[in-house]
Amino acid sequence: MKKKDVVDLIRYYVDGNDTGFRNLAYDIAIDFNQKGDNQLGGYILSLLSSKASGFVPQSVEFSEGLLKKVELNNNSLLIPDVIMEDIKGILNAIRYHAGIGKFLFKGKPGTGKTEMAKHLARILDRQLFMVNCEMIIDSHLGQTAKNISKIFDEMNRQSFPESLIVLFDELDSLAMDRMNSRDVREMGRATSTFMKCMDDLNQDIVIIATTNMADCFDKALVRRFDKVIDFDRYSNSDLQDIALAILESELERFNIKYRNKRLCRKIFSMSSSLPYPGDLKNIIRSSIAFSDPSTPDAYVRNLFSSLIPEVKMDRESLQSMGFSLRDMEALLGISRSTLSRRLNEGDVNE
């Protein structure tokens, strides 16, 4: 949080600029979350959401098997600023109660679509229920469409719709292009039913759908959503910063005191294609978990092997990539004095 933010907050308050005050407060809270201070960030967001909503969350129940309640956590969510700007727009739209509450999150697996739905539910202090679209698909003629109608009927009958967010995870398994000749007639019927139900949805209910196949959707279906958020907007710099943040969090989780951030950042920067956060977290966690805790640099070597598998980890290869003696000491487990002597002797055999 910068000094300018404090000054601007006070100025917005004095001027009665509620929109400016809230937008900056959201920015500050999200910044705390991004830096790992989830307690403070969550507290600020809860204050904002309680002031905006003006209601006490009520219990929401559905018939068993239709929707599953999602338990929310306080995990930080690492998302690029360009995507977070769209998310702040969603928060503002819901706060205005203007009937804008249907959102499509598109992007490759691991980009944070489902986690963002949980994040929004936590910020807005709403209960999140998830529909696994594959669960409502039925081989009997017309049954899939009936299942969709049943879900929406129960949603619209809720006594406290303003307490609710419903997540349709992997919507592509349910609602594919009706004009696609490869699609079976039953799925076209299901898509049409889904669109009609979206049109009749209670405006206080927030719907979030995720997909990694948005290009296959019927354009008429996409138009039913108030906003489509593209999660495929990670720059390589974003992924490097996220990788370091994940690494710091996982090292803390495993209670590992040794932190070689400089070398890890170098490894992240040299990876030809860093994966998206979901896979990145799995790689970093496995690299630490499978390392010998008595060997400080073991997890660094595992990271190198996982993220730069095309490069042989030997002195000659590392030297050609610009790694220093200090780096090679950590990656090869050979002292700098020994490495230096071998370099002076021109010994290329490890």
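Residue indices begin from 1 for each chain and proceed along its sequence in written order. The predicted nature of this model means local features are confined to residues of pLDDT at least 70 and side-chain atom pairs, given and counted, to a pLDDT of 80 or more, with totals for whole chains, interfaces and linings taken over all residues. Only heavy atoms go into the side-chain values, all of them from the structure, while hydrogens and water stay out.

Q: How should the overall build of the chain be read in this particular structure?
A: When helices and strands are counted, the chain shows 15 helices and six strands. Accessibility here uses a 1.4 Å probe with only protein chains present; expressed as a share of the type maximum, an area under 20% marks a residue as buried, one over 50% as exposed, and anything in between as partly exposed. Counting across all 350 residues of the chain, residues that qualify as buried make up 45%. We call two residues contacting when some pair of their heavy atoms lies within 4.5 Å. Of the contacts formed within the chain by residues at least 6 apart in sequence, a portion of 76% connects residues at least 24 apart. Where accessible areas are quoted, they stem from the Shrake-Rupley method and a 1.4 Å probe; at the residue level, only the protein chains shown are allowed to cover. By element, 49% of the accessible surface of the chain is carried by carbon and sulfur atoms, the whole surface being about 18000 Å². The numbering of helices and of strands both runs from the N terminus, where a helix is a DSSP run of H or I of at least 4 residues and a strand a run of E of at least 2.

Q: What's the story with unusual backbone geometry in this structure? I'm lost.
A: The phi torsion of most residues other than glycine is negative, and most of the peptide bonds are trans. One non-glycine residue with positive phi stands out, namely Glu 170, at about 55°. The partly exposed category is assigned to Glu 170, whose relative accessible area is 43%.

Q: What am I meant to see in empty space enclosed by the protein here?
A: Here the idea is plain: a probe the size of a water molecule rolls over the atoms and shows the empty space left. Grid points spaced at 1 Å over the protein atoms alone were grouped into cavities, where a 1.4 Å probe fits but cannot get out, and pockets, open sets with protein on both sides within 12 Å along at least five of seven lines, with lining residues defined by an atom within 4 Å of a point. Grid points are joined across faces, edges and corners, and a volume is the space filled by probe spheres set on the points. Overall, the coordinates contain two cavities of 30 Å³ or more when judged by the stated rule. Of the volumes computed, that of the second largest cavity is approximately 80 Å³. Forming the boundary of the second largest cavity are Ala 93, Ile 94, His 97, Ala 98, Gly 99, Ile 100, Gly 101, Arg 126, Gln 203, Asp 204, Ile 205 and Val 206. In this classification, the charged set is Asp, Glu, Lys and Arg, the nonpolar set is Ala, Val, Leu, Ile, Met, Phe, Trp, Tyr, Cys and Pro, and all remaining amino acids, among them Gly, are polar. When grouped by side-chain class, the residues that make up the lining of the second largest cavity number six nonpolar, four polar and two charged.

Q: Would you mind showing me how to read the nonpolar core here?
A: Nonpolar side chains tend toward joint burial in soluble globular proteins. Phe 105 and Phe 268 are the most contacted members of the largest nonpolar core, which has 59 residues in total. Among the elements that make up this core, the one with the highest residue count is helix α9 (residues 236-253) (seven residues). Only buried residues count toward a nonpolar core. Its members are Ala, Val, Leu, Ile, Met, Phe, Trp, Tyr and Cys residues joined through side-chain atoms within 4.5 Å. Counting 30 residues, the second-largest nonpolar core is a separate cluster that includes Val 131, Val 166, Met 198 and Phe 225.

Q: I tried to follow helix α1 (residues 3-15) on my own but got confused; where do I start?
A: The α-helix winds at 3.6 residues per turn, so residues separated by three or four positions along the chain end up facing the same way. Compared with an ideal rise of 1.5 Å per residue, which puts 13 residues at 18 Å, α1 spans 19 Å between its outermost C-alpha atoms and is within 8% of the ideal. Gly 16 sits one or two residues past α1 and shows a positive phi near 70°. Helix span is expected to be 1.5 Å times the residue number reduced by one.

Q: Is there a simple way to think about the sheet that holds strand β6 (residues 227-230) in this case?
A: Adjacent strands of a sheet pair through backbone hydrogen bonds, lying either parallel or antiparallel. When DSSP finds two or more bridges between two strands, those strands count as paired. If you trace the six strands from one edge of the open sheet to the other, you get β1-β3-β4-β5-β2-β6, paired in mixed fashion. Looking at strand neighbours, the two that pair on one side only are β1 (68-69) and β6, the edges of this open sheet. Pairing between strand β2 (residues 102-106) and strand β5 (residues 206-211): five bridges, direction parallel. Looking at β5, one finds that Lys 106 is bridged to Thr 211.

Q: Is there a simple way to explain the environment of Pro 109 in this structure?
A: If you trace the backbone, Pro 109 turns up in the loop between β2 and α5 (113-124). Residue Pro 109 is classed as exposed on the basis of its relative accessible area of 53%. Measuring from C-alpha to C-alpha, the distance between Pro 109 and Tyr 276 comes to 7.8 Å, with 167 residues separating the pair along the chain. Those residues in contact with Pro 109 that sit more than four places away from it in its chain are Asn 212 and Tyr 276.

Q: Which parts of the structure should I look at to understand the environment of Thr 191?
A: As for its position among the elements, Thr 191 is in helix α7 (residues 185-199). Considered as a pair, Thr 191 and Leu 174 are 17 residues apart in the sequence and their alpha carbons are 7.1 Å apart.

Q: Could you clarify how one ought to interpret the pairing of strand β4 (residues 164-169) in this entry?
A: Residues in a regular strand project their side chains so that they alternate between the two faces of the sheet. When you tally the buried positions in β4, you get six out of six residues, the bulk of the element. Going residue by residue along β4, you find Leu 164, Val 166 and Phe 168 tucked away on one face and Ile 165, Leu 167 and Asp 169 tucked away on the opposite face as well. The sheet contact formed by strand β3 (residues 127-132) and β4 spans six bridges and is parallel. Bridged to Leu 128 within β4 is Ile 165.

Q: In this structure, what is going on with the pattern of salt bridges? I would like to understand it.
A: Oppositely charged side chains can pair when the atoms bearing their charge come close. For this document, the term salt bridge refers to a Lys or Arg side-chain nitrogen within 4 Å of an Asp or Glu carboxyl oxygen. Evaluated as defined, the whole model comprises 16 salt bridges. Note that Lys 88 and Glu 85 form a salt bridge whose closest N and O atoms lie 2.7 Å from each other. Note that Lys 88 and Glu 85 are positioned in helix α4 (residues 81-95) at a spacing of three residues, about one turn of the helix. Put simply, Arg 224 and Asp 199 hold a salt bridge, and the shortest N to O gap is 3.1 Å. Within this pair, whereas Arg 224 is found in the loop between α8 (219-222) and β6, its partner Asp 199 is found in helix α7, the two being separated by 25 residues in sequence. Taking the relative accessible area as the measure of exposure, Arg 224 reaches 25% and is therefore partly exposed. Residue classification places Asp 199 among the partly exposed residues on the basis of a relative accessible area of 46%.

Q: Help me out: how do you make sense of the environment of Gly 110 in this one?
A: The residue Gly 110 is located in the loop between β2 and α5 in this model. Assessed through its relative accessible area of 27%, Gly 110 is described here as partly exposed. With 122 residues separating them along the chain, Gly 110 and Asp 232 place their C-alpha atoms 9.9 Å apart. Beyond its immediate stretch of four places on either side in the chain, Gly 110 contacts Tyr 276, Pro 277 and Gly 278.

Q: Would you take a moment to explain the confidence of the model for the chain for this structure?
A: Caution is warranted with low-pLDDT regions, since their predicted coordinates should not be read in detail. Looking at any residue, its pLDDT shows the predictor's confidence there, from 0 to 100. Per-residue confidence for the chain gives a mean pLDDT of 85, with 85% of residues at or over 70. Across residues 52-57 the pLDDT falls below 50, and counting only partners more than four positions away or on other chains, this stretch makes seven contacts in the model.

Q: Any chance you could explain α4 here in plain terms?
A: Compared with an ideal rise of 1.5 Å per residue, which puts 15 residues at 21 Å, α4 spans 21 Å between its outermost C-alpha atoms and is within 8% of the ideal. Every buried residue belonging to α4 is among Ile 83, Met 84, Ile 87, Lys 88, Ile 90, Leu 91, Asn 92, Ala 93, Ile 94 and Arg 95, and all of these are buried.

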